[in-house]
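Letter by letter, the chains look like this.
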Amino acid sequence: MLKLSFAAAAVALSLAAAAQARVTDADRAFLTQDIQGGRYELALAQLGASKATKPAIRQFSQMVVRDHTQVNATLNRLAQSEGVSAPGGMTAADTGRLAKLRAMNGAAFDKAYVEEQNRINSEDKQDADKEQATTKEPAIRAYLSRFAAMDAKHKRGSEALRKG
């Protein structure tokens, strides 16, 4: 029994080491950045859902909350399976952006919120495209492919809000 437990532990360690060996430093950086960015996008959308004055912005925000609740859970599982430790919280820059938006109200909030959604959706697309072009890790490529349509939907939605 003890031999079997030791053997199982050795296999688990070797699988974890193999997963870590597949993930490059650039992949680790992407996963870490995407986890923090996902937390920010969720917090931002929750703020928009509760604070926006325009119904279209509240509806868009509720959709983003639903989507990012799902994608953030998937991303955290992916990072764990790849041996990447999930960072705590958001970046300092994102925390500051969120604080500024929390201090706003009315039309000023709506405008700043929509602009921020446009900014992050453009950055997300650039970061995802870069990672898709460089990563060799099948699980990361699958994650990026799976959620590309969601990212495009968010980008279209935030652009429509800006125009409308």
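Below, the structure is looked at part by part. It should be emphasised that the depicted structure is a prediction, and the values quoted were computed from it without experimental measurement. (Residues numbered from 1 in each chain as written. Predicted model: local features only at pLDDT ≥ 70, side-chain atom pairs only at ≥ 80, totals over all residues. Heavy atoms only, no water.)

## A few points about the overall build of the protein chain
Keep this limit in mind: Elements are defined by DSSP. Helices are runs of H or I of four residues or more, strands are runs of E of two residues or more, and each kind is numbered from the N terminus. Each residue is placed in one exposure class: buried if its accessible area under a 1.4 Å probe, protein chains only, is under 20% of its type's maximum, exposed if it is over 50%, and partly exposed if it falls in between. The contact rule is simple, with two residues in contact once any of their heavy atoms fall within 4.5 Å. Surface exposure here means Shrake-Rupley accessible area, sampled with a 1.4 Å probe, where a residue is shielded only by the protein chains that are shown.
Check the secondary structure of the protein chain and you find six helices and zero strands. Secondary structure elements of the protein chain, listed N to C terminal, follow the sequence α-α-α-α-α-α. Counting every position in the protein chain, which comprises 164 residues, the buried fraction comes to 38%. In the protein chain, the proportion of contacts linking residues at least 24 apart, taken out of those at least 6 apart, comes to 83%. Total accessible area on the protein chain stands at roughly 9200 Å², and carbon and sulfur atoms take up 60% of it.

## Here's the deal with the side chain of Asp 27
Rules: Only four residue types enter the charge count: Lys and Arg as positive, Asp and Glu as negative, with His and the chain ends excluded. Salt bridge, as used here, is a side-chain nitrogen of Lys or Arg placed within 4 Å of a carboxyl oxygen of Asp or Glu.
Tracing the backbone through its elements, the reader meets Asp 27 in helix H2 (residues 25–51). There is no salt bridge for the buried Asp 27, and the closest opposite charge comes from Arg 28, which lies 7.0 Å off by N-O distance. If we ignore the near neighbours within four places in the chain, the residues touching Asp 27 are Arg 22, Glu 131, Thr 135, Glu 137 and Ile 140.

## Digging into the nonpolar core
If you look at soluble globular proteins, the nonpolar side chains tend to sit buried side by side. To keep it simple, the criterion reads: The criterion is simple. A nonpolar core is a set of buried Ala, Val, Leu, Ile, Met, Phe, Trp, Tyr and Cys residues joined through side-chain atoms within 4.5 Å.
One finds Leu 44 and Tyr 113 to be the most contacted residues of the largest nonpolar core, which totals 19 residues. Elements that contribute at least two residues to this core include exactly H2, helix H3 (55–81), helix H4 (92–102) and helix H5 (106–134). It is H2 that contributes the most residues to this core, six residues altogether. In this structure, Leu 44 is in contact with Leu 98, Leu 101, Tyr 113, Glu 116, Gln 117 and Ile 120, ignoring residues within four places of it in sequence. Counting residues in each nonpolar core, the second largest holds 15 residues, with Leu 31, Val 84, Tyr 143 and Met 150 among its members.

## Remarks on the environment of Arg 66
Note that Arg 66 resides in helix H3. Of the residues examined, Arg 66 reaches a relative accessible area of 54% and is grouped as exposed.

## Some details on the pattern of salt bridges
Applying the stated criterion across every chain, the model contains eight salt bridges. Through salt bridges with shared partners, one network takes in Asp 94, Arg 97, Glu 116, Arg 119 and Glu 123.

## Quick notes on H4
Keep this limit in mind: By construction, the arc corresponds to the directions joining the helix axis to the C-beta atoms.
Of the residues making up H4, those classed as buried are Asp 94, Leu 98 and Leu 101. All buried residues of H4 lie within an arc of 60 degrees about the axis, which places them on one face of the element. Exposed and oriented more than 90 degrees from the buried face of H4 are Ala 92 and Lys 100. Residues of H4 that are buried sit in contact with H2 and H5.

## Focus: the environment of Ala 112
Looking at the secondary structure, you find Ala 112 in helix H5. Each C-alpha atom, one on Ala 112 and one on Lys 100, is 9.4 Å from the other, the two residues being twelve residues apart in sequence. Dropping the residues within four chain positions of it, Ala 112 is found in contact with Leu 101 and Met 104.

## Examining the packing of H5 against helix H6 (residues 138–163)
Which entries qualify depends on this criterion: Note on definitions: angles span 0 to 180 degrees between N-to-C directions of axes, and those axes are lines fitted to C-alpha atoms, for helices only across the stretch in contact. Oblique is the label for every angle not falling under 35 degrees (roughly parallel), over 145 degrees (roughly antiparallel), or within 65 to 115 degrees (roughly perpendicular). Definitions for this section: a left-handed crossing has its near helix turned counterclockwise from the far helix by less than a right angle. A right-handed crossing has that turn clockwise. Residues are grouped as follows: Ala, Val, Leu, Ile, Met, Phe, Trp, Tyr, Cys and Pro are nonpolar; Asp, Glu, Lys and Arg are charged; all remaining types, including Gly, are polar.
Relative orientation of the contacting elements H5 and H6 amounts to 155 degrees, with a least axis distance of 9 Å. Taken together, H5 and H6 sit at an angle that is classed as roughly antiparallel. Between H5 and H6 the crossing geometry is left-handed. Across from Val 114, Glu 115, Gln 117, Asn 118, Asn 121, Ser 122, Ala 128, Glu 131 and Gln 132 in H5, the residues of H6 making contact are Ile 140, Arg 141, Leu 144, Ser 145, His 154, Lys 155, Ser 158, Glu 159, Leu 161 and Arg 162. Counted by class, the contact of H5 with H6 contains five nonpolar, eight polar and six charged residues.

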